[in-house]
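Summary of the model geometry
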Amino acid sequence: MKSVKKYIAEFIGTSVLVTLGCGTAMLVGCNSMQGSGYILTALAFGLTIVGMAYCIGNISGCHINPAVSLGFLLSGEMSVKDFVGYVISQILGALAGSGFLAIVFKTGFVTDMTGAFGSNGLDGVNGKVLPAILVEVVLTFIFVLTILGVTSKKAGHGSFGGLIIGLTLTLVHILGIGLTGTSVNPARSIGPAVVAAVSGNTAPLGSLWIFIVAPLIGAAIAAVCYKVLEKD
């Protein structure tokens, strides 16, 4: 029963992240030349993590991201069973959040500035795959390394952990939005891309694999790196 509660918490958290983060992107746009929308989207993702960390952190740890869960798995902080349960819950949560956005933005009363439910893409890197992979690997590495450090038993950050993690997510979004839209989270990329495809826009599916593979690689490198650095 305890595991089920964790999975439900991850479902809710990821759904809220996609709803508020991608929803903000859809509403205000993410053109780097229009700074307000750019910053608002970065803040939406970061502040959502802060809120969810203090909401469901004591239940599931508030991973709400398969890359983060992979980092904990490779660090020996969670079981394979929980990892699978978390990832399934996170993807379903992202689909639910994107589905909610589809209902809101497809009514005709609200305009989707992104045209793709906040999906990630390669426009900022001129359609080139390698730069997108590098960006996502590096940004995920930074994000997951921060999380592993903040949540370490040796860290002693106490109640400030959620705030630190949320601010770090905001920071990586400030750089990454103009390049790839910033994934660092496979579930966050899967939900919008699938719902966009169902709604008739299949373009995000073409590069979706990048935003699944690259964050997982970045998380794996972060887990190995932190384990080596923390070792006495």
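Preceding block: the structure.
In this report, the structure presented in the accompanying data block is examined.

So, how was this worked out
- Residues numbered from 1 in each chain as written.
- Predicted model: local features only at pLDDT ≥ 70, side-chain atom pairs only at ≥ 80, totals over all residues.
- Heavy atoms only, no water.
- Helix = DSSP H or I, 4+ residues; strand = E, 2+ residues; numbered from the N terminus.
- Rg over C-alpha atoms; globule rule 2.2 N^0.38 Å.
- Contact = heavy atoms within 4.5 Å.
- Areas by Shrake-Rupley, 256 points an atom, 1.4 Å probe, with all protein chains shown as cover.
- Lys, Arg positive; Asp, Glu negative; His and termini not counted.
- Charge placed at Lys NZ, Arg CZ, Asp CG, Glu CD.
- Patch = residues over 30% accessible without salt bridge, like charges linked within 9 Å, V, L, I, M, F, W, Y side chains within 5 Å.
- Salt bridge = Lys/Arg side-chain N within 4 Å of Asp/Glu carboxyl O.
- Buried < 20%, exposed > 50% of the residue type's maximum accessible area, 1.4 Å probe, protein only.
- Phe/Tyr/Trp six-rings, centres within 6.5 Å; stacked < 30°, edge-to-face > 60°.
- Polar contact = N/O pair within 3.5 Å; in protein donor to acceptor, adjacent residues only side chain to side chain.
- Axes fitted to C-alpha atoms, helices over the stretch in contact; angles between N-to-C directions.
- Parallel < 35°, antiparallel > 145°, perpendicular 65-115°, else oblique.
- Nonpolar A, V, L, I, M, F, W, Y, C, P; charged D, E, K, R; others polar.

1. Notes on the overall build of the protein
A count of helices and strands for the protein gives nine helices and zero strands. For the protein, the succession of helices and strands along the chain, N to C, is α-α-α-α-α-α-α-α-α. Computed over its C-alpha atoms, the radius of gyration of the protein comes to 16 Å, within 12% of the 17 Å expected for a compact globule of 232 residues. Counting only C-alpha atoms and orienting by the principal axes, one finds that the protein spans roughly 55 × 40 × 30 Å. Intrachain contacts of the protein at a sequence separation of at least 6 include 76% that bridge at least 24 residues. Here the protein displays about 10500 Å² of accessible surface, and carbon together with sulfur accounts for 71% of that area. Seen as two clouds, the 11 positive and the 8 negative side-chain charges of the protein have centres 6 Å apart.

2. Examining a nonpolar patch on the surface
The grouping of M1, V4, I8, F11, I12, V80, V84, I88 and L92 at the surface amounts to a nonpolar patch, some 840 Å² of accessible area in total. Listed by contribution, the elements that provide at least two residues to the nonpolar patch are α1 (2-28) and α4 (80-105). For I12, the position within the fold is in helix α1. By relative accessible area, I12 is classed as partly exposed at 41%.

3. Side note on the packing of aromatic side chains
Scanning all chains against the criterion turns up one aromatic pair. For the ring pair Y7 and Y86, a centre distance of 6.0 Å and an interplane angle of 85° mean the geometry is edge-to-face. Here Y7 is found in helix α1, whereas its partner Y86 is found in helix α4, with 79 residues between them in sequence. Take Y7: its relative accessible area is 17%, and that puts it in the buried class.

4. Notes on the side chain of N120
Looking at where N120 falls in the secondary structure, it is placed in the loop between α4 and α5 (129-151). Within polar-contact distance, the side chain of N120 engages the side chain of R188 at 3.4 Å. Here the side chain of N120 touches S189 through a polar contact of 2.5 Å, side chain to side chain.

5. Considering the packing of α5 against helix α6 (residues 161-176)
Relative to each other, α5 and α6 sit at 170°, their axes nearing to 10 Å. When the interaxial angle is binned, α5 and α6 end up roughly antiparallel. Between α5 and α6, the contacting residues are L139, I142, F143, T146, I147, V150 and T151 on the first element and G161, I164, I165, T168, L169, V172, L175 and G176 on the second. Looking at the contact of α5 with α6 residue by residue, the classes come out as ten nonpolar, five polar and no charged.

6. Describing the pattern of salt bridges
What the rule picks out here adds up to one salt bridge. A salt bridge links K6 to D82, with the shortest nitrogen-to-oxygen separation between them at 3.9 Å. Taken together, the residues K6 in helix α1 and D82 in helix α4 connect sequence positions 76 residues apart. As far as burial versus exposure is concerned, K6 and D82 are alike and both buried.

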